Amino acid sequence: LKTNGDFVYMDKILNETFILNPSDDSKGYQFMMQRDAKLVIYNTVNEIVWSRTSAAVVSKTVQCQPPYDCPYISLHNDGVVVLNWVNSEEWYAKNIRHQYNFGEFSHP
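Residues numbered from 1 in each chain as written. Predicted model: local features only at pLDDT ≥ 70, side-chain atom pairs only at ≥ 80, totals over all residues. Heavy atoms only, no water.

**Considerations on the overall build of the protein chain**
Scanning the protein chain from N- to C-terminus turns up one helix and ten strands. Listing each helix as α and each strand as β along the protein chain from the N terminus yields β-β-β-β-β-β-β-β-β-β-α. The 108 residues of the protein chain split such that 28% are buried. Excluding contacts between residues fewer than 6 apart, the proportion of contacts in the protein chain whose partners are at least 24 apart in sequence is 28%. Surface accessibility of the protein chain: about 7500 Å² in total, with carbon and sulfur atoms responsible for 49%. (Helix = DSSP H or I, 4+ residues; strand = E, 2+ residues; numbered from the N terminus. Buried < 20%, exposed > 50% of the residue type's maximum accessible area, 1.4 Å probe, protein only. Contact = heavy atoms within 4.5 Å. Areas by Shrake-Rupley, 256 points an atom, 1.4 Å probe, with all protein chains shown as cover.)

So, in structure tokens, the structure goes:
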């Protein structure tokens, strides 16, 4: 996430880059995390153009961390982005690099 609000994702394996700016409706792309923690990017006609499934089995938990429902993504003070969820009353917070098999990140 850049300071201007752009969400930038680079997939080195597929050699693809997505830049989404929530303030620019003309691009029409939408980034979403589904209830099972699957990350999805939709195009202007609601077709999935990119997705990544979580390595763990995740399901929605209402107000696991009030006022938030799980799963959700948070940024830790050390800059690590984590996926948070609850399964069988146990709390999980895992680095998204490992949880989604992103590998190494690079900056555009």
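The rest of the description comes next.
**Some details on the side chain of Asn-84**
Mapping Asn-84 onto the fold places it in strand 9 (residues 81–87). Within the structure, the side chain of Asn-84 is placed 2.9 Å from the side chain of Ser-74, a separation counted as a polar contact. Setting aside residues no more than four positions away along its own chain, Asn-84 makes contact with Cys-70, Pro-71, Tyr-72, Ile-73, Ser-74, Trp-91, Tyr-92 and Ala-93. (Polar contact = N/O pair within 3.5 Å; in protein donor to acceptor, adjacent residues only side chain to side chain.)

**What to know about the packing of aromatic side chains**
In this structure the tally under the stated criterion is three aromatic pairs. For the ring pair Trp-85 and Tyr-92, a centre distance of 5.0 Å and an interplane angle of 15° mean the geometry is stacked. According to the relative accessible area criterion, Tyr-92 is partly exposed, its value standing at 24%. Taken together through their ring pairs, the aromatic side chains of Tyr-68, Tyr-72 and Trp-91 make up a single cluster. (Phe/Tyr/Trp six-rings, centres within 6.5 Å; stacked < 30°, edge-to-face > 60°.)

**Digging into the pattern of salt bridges**
Going through the model one piece at a time under the given rule, you end up with one salt bridge. The salt bridge involving Lys-60 is made with Asp-69; its shortest N-O contact spans 3.7 Å. With relative accessibility at 31%, the residue Asp-69 sits in the partly exposed group. (Salt bridge = Lys/Arg side-chain N within 4 Å of Asp/Glu carboxyl O.)

These figures capture arrangement, not role.
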